[in-house]
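Here's the letter readout for the chains.
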Amino acid sequence: MAVLAPAAQAASLDACVANIRAQAIKAGVSRATADRALSGVAYDEKAVRFSRSQPEYKTPIWDYLAFLVDEERIADGKKMLARHRKTLAGVEKSYGVDRYIVLAVWGVESDYGQFRGDFHVPHALANVACNGRRAKYFRSELVEILKIVDRGDVKLKDLQGSWAGAFGQTQFMPSTYRRLAVDHDGDGRRDLVNSVPDALASTANYLKKAGWVTGMPWGYEVRLPKGYKGPSGRKTRATVTTWGKRGITHLDGGKIAGEARAGLLLPAGKTGPAFLVFKNFDAIYSYNVAESYALAISHLADRLRGAGPFTTPWPTSDTGLSRAERLRLQELLLRAGYDIGEADGRVGPATRAGIKQAEARFGMPQTGRPGRKIYEKLGGR
């Protein structure tokens, strides 16, 4: 896509935003809301870049789980469980969805409401609708979020979220909000930004509509027989009894059996942890369409329930870092003279470039990965 000069870029954006404003008003949004929401939209290079680019770095599953399911998030989640016990129990009763899964989604999506996102959503959506890919989709999402403001569910100033438009304590897209957000606290508004009951109940409603089966587990860790050559994959379903006949056992070696259908998930191949996953895993998967995400939610829920880490270790000698350790790694890189910007715990291109430089200095393969080996080489403990 050609890059326009700043003046032409601004004119093009202004024309596009004006067109979207007219589209929103035609769809029923008040002129006052459209004007307030779309005034002052300026070109947002970061939002546009995110919308156009695919991540170059693929996060290993052991890194992904290490920072999403760390001791801090588990401890904070247990505090939230105690603080919102009545709400979570009510949500579970109303929707039939495991309260620990709902709590885990809240923890991963916004760190239990502590982080809402870096972007003012209407302006970010205007940018990606006018300059990014999937323009029609993002235009539609922008119109939907203006309708949410128009209805009085959420105030315009509270619409902080992702570049793609997800917002609220459990990160709903505007169209998902329209379909599935609920008013659980009974104040007449569906407010997933400021109402914990609305956010948690809406997440449970989403999972229920995605096929959640009350009383069924998401899955559990199992043991593969030595030299296993059978089928695997979330979508390759068979009864638990059939998996047992293929040599899959409980972690203690005991036989597994049952008529429930499950897939065999091997997120790190046959030498790493193995899981039988049921229909509820698919419901969680639909929330963010990634098996790693669904496993993180499922594992965090189990840890909040009191379970321990996975029994089978990840097949790596260079394990992942928690969020606190990632922040410490950045501090160590800065102390060593690497220009990575601010230490904020988020590992982006600048941090990865600094890691590569440090790896080269120590004679290590230059991966840019925030792993334990480079962390310890730089003095982390």
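Anything mentioned here points back to the structure above.
Residues numbered from 1 in each chain as written. Predicted model: local features only at pLDDT ≥ 70, side-chain atom pairs only at ≥ 80, totals over all residues. Heavy atoms only, no water.

(A) Spatial organisation of the packing of aromatic side chains. Inspection of the entire model under this criterion finds 16 aromatic pairs. Between Tyr287 and Tyr293, the ring centres sit 6.4 Å apart and the planes meet at 10 degrees, which makes this aromatic pair stacked. Since its relative accessible area comes to 11%, Tyr287 is described here as buried. Ring geometry for Phe310 and Trp314: centres 6.0 Å apart, planes at 85 degrees, overall edge-to-face. Comparing Phe310 with Trp314 shows no difference in burial state: the two are buried. (Phe/Tyr/Trp six-rings, centres within 6.5 Å; stacked < 30°, edge-to-face > 60°. Buried < 20%, exposed > 50% of the residue type's maximum accessible area, 1.4 Å probe, protein only.)

(B) Spotlight on helix 3 (residues 45-52). Among all positions in helix 3, only Ala47, Val48 and Ser51 are buried. Around the axis of helix 3, the buried residues are gathered within 95 degrees of arc, so they sit on the same side. If you follow the buried residues of helix 3, they end up packed against strand 1 (119-120) and helix 8 (121-131). The backbone nitrogen of Lys46 has a side-chain oxygen 3.1 Å away, supplied by the residue at the start of helix 3, namely Asp44. (Helix = DSSP H or I, 4+ residues; strand = E, 2+ residues; numbered from the N terminus. Arc of directions from axis to C-beta. Contact = heavy atoms within 4.5 Å. Polar contact = N/O pair within 3.5 Å; in protein donor to acceptor, adjacent residues only side chain to side chain.)

(C) Summary view of helix 2 (residues 31-38). Within the sequence span of helix 2, burial applies to Thr33, Ala34, Ala37 and Leu38. On an axial view of helix 2, the arc spanned by its buried residues comes to 105 degrees, and they lie on one face. Away from its buried face, by an angle of more than 90 degrees, helix 2 presents the exposed residues Arg31 and Ala32. In the segment just after helix 2, Gly40 is the residue with positive phi, at about 75 degrees.

(D) Structural detail: the sheet that holds strand 4 (residues 233-239). Spatially, 3-6-5-4 is the arrangement adopted by the 4 strands of the open sheet, whose pairing is antiparallel. Of all the strands in the sheet, the pair left with one neighbour each is strand 3 (219-222) and strand 4. On average, each strand axis in the sheet is inclined to that of its neighbour by 30 degrees, with strand direction left out of account. Pairing of strand 3 with strand 6 (residues 274-277), which is carried by 4 bridges, proceeds in the antiparallel orientation. (Pairing = 2+ DSSP bridges. Axes fitted to C-alpha atoms, helices over the stretch in contact; angles between N-to-C directions.)

(E) Just the packing of helix 8 against helix 9 (residues 135-151), in detail. Viewed as axis vectors pointing N to C, helix 8 and helix 9 meet at an angle of 160 degrees, and their least axial separation amounts to 8 Å. Regarding the angle of helix 8 to helix 9, the classification is roughly antiparallel. The interaxial crossing formed by helix 8 with helix 9 has left-handed handedness. Here Val121, Pro122, Leu125, Ala126, Val128 and Ala129 of helix 8 come into contact with helix 9, specifically with Ala135, Phe138, Arg139, Glu141, Leu142 and Ile145. (Parallel < 35°, antiparallel > 145°, perpendicular 65-115°, else oblique. Left-handed = near helix turned anticlockwise from the far one by under 90°.)

(F) Inspection of the state of the cysteines at higher detail. Applying the stated criterion to the full structure yields 1 disulfide. With a sulfur-sulfur separation of 2.0 Å, Cys16 is cross-linked through a disulfide to Cys130. Torsion about the S-S bond of the Cys16 and Cys130 cystine: about -90 degrees, corresponding to left-handed handedness. Of this pair, Cys16 sits in helix 1 (residues 6-26) while Cys130 sits in helix 8, placing them 114 residues apart in sequence. (Disulfide = S-S within 2.5 Å.)

(G) Region of interest: the environment of Ser51. Here Ser51 shows up in helix 3. Ser51 gets classed as buried once you look at its relative accessible area, which sits at 10%. The spacing of Ser51 and Val69 is 18 residues in sequence and 27 Å in space, taken between C-alpha atoms.

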